[in-house]
Structure formats: C-alpha cells, structure tokens
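# A structural walkthrough
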Amino acid sequence: GAMVGRSLSEDERSAELLAVVRGLQAFYSSHARKAVFPDLSDKLVYGDYNVAGTRGHQLLETVTAEINACAHVKSGSWPCRKVESVRKRYVGKIGADVGRENEAVFEAYARSLEQTRPE
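Below is a short write-up of the structure. (Residues numbered from 1 in each chain as written. Predicted model: local features only at pLDDT ≥ 70, side-chain atom pairs only at ≥ 80, totals over all residues. Heavy atoms only, no water.)

### Comments concerning the nonpolar core
Core analysis: the largest hydrophobic core is formed by 30 residues, its most contacted members being Leu24, Tyr28, Leu59, Val63 and Tyr90. Of all the secondary structure elements, the ones that give two or more residues to this core are helix H1 (10-30), helix H3 (55-68), helix H5 (83-98) and helix H6 (103-116). Looking at this core element by element, the count peaks at eight residues for H1. If sequence neighbours within four positions are ignored, Val63 has contacts with Val20, Gly23, Leu24, Val86 and Val91. (Core = buried A, V, L, I, M, F, W, Y, C linked by side-chain atoms within 4.5 Å. Buried < 20%, exposed > 50% of the residue type's maximum accessible area, 1.4 Å probe, protein only. Helix = DSSP H or I, 4+ residues; strand = E, 2+ residues; numbered from the N terminus. Contact = heavy atoms within 4.5 Å.)

So, in structure tokens, the structure goes:
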C-alpha cells in the first residue's frame, strides 16, 4: 500500500511509547500492582503469553489496544499493531534495554518520556 517505506514520525513514535507506558500502567493497576516492564519468560507469573486468557497475553493485549488507539493508527495512516510485534518491538525490547520487573526503572522511563513529549 501507500505506507511502504514510510517510517513513524518522532511524534508518532513517542505517542506509541507513551501508549506502551499507559497500557502497562492500566494492566498492573487492574492487578493492584505498580507498573513494570514484564519478564514474560516468568511462566509462574504470566503463564504462556501466546495463550489467550493468560496474564501475559492479557498484558500484551492491553498494551496493543493502547497503541492501536493512537491517532495515527486510528486514522488509518498506519496499520494496526499485532500482539506479537508489540511484544517483540516494544514490551520485550524496552524491557531488555531498561530492566524488567523493576518499578523504579519503569517510573524513570515513564518520566523521561513525559519530559520529551512535544507540547
């Protein structure tokens, strides 16, 4: 389609990153926990994230829904994200970069995003 070769603008990219943060916050607050980047390999906590109904899959679905609610996706100028790509490109990758299962790390990451946000 027309989207080939286009990459996300800075604004779209930061909108998606903020959506990841919001999704994780929403998921964990529904479990009465402070948000973290999950270690999805922990099957005891998250189950098998490929299986619908597990905690890990619900987490990914929550984050995916937030990203797909971003204006550039809703408007159709960008295709909807799939759960698996959200896991790899966002939840997994950022967690690997900044640290998993760590509330302080998550907080710091979320704050740094808020500061770079364009007014």
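### A closer look at H1
With 21 residues, H1 should reach 30 Å at 1.5 Å per residue; the first-to-last C-alpha distance of 30 Å fits that figure. Inspection of H1 places Glu12, Ser14, Glu16, Leu17, Leu18, Ala19, Val20, Val21, Gly23, Leu24, Phe27 and Tyr28 among the buried residues, and these make up the whole buried set. Ala32 occupies a position one or two residues after H1 and carries a positive phi of about 55°. (Expected span 1.5 Å × (residues − 1).)

### A closer look at the packing of aromatic side chains
This model, assessed by the stated rule, comprises three aromatic pairs. For the ring pair Phe37 and Phe106, a centre distance of 5.2 Å and an interplane angle of 55° mean the geometry is tilted. On the criterion of sequence distance, the pair formed by Phe37 in the loop between H1 and helix H2 (43-46) and Phe106 in helix H6 is long-range, its members being 69 residues apart. An angle of 80° between the planes, with centres 5.3 Å apart, marks the rings of Phe37 and Tyr109 as edge-to-face. Here Tyr109 lies in helix H6 and Phe37 lies in the loop between H1 and H2, a separation of 72 residues in the sequence. The pair formed by Phe37 and Tyr109 is uniform in burial state, with each residue classed as buried. By way of ring pairs, the aromatic residues Phe37, Phe106 and Tyr109 are connected into one cluster. (Phe/Tyr/Trp six-rings, centres within 6.5 Å; stacked < 30°, edge-to-face > 60°.)

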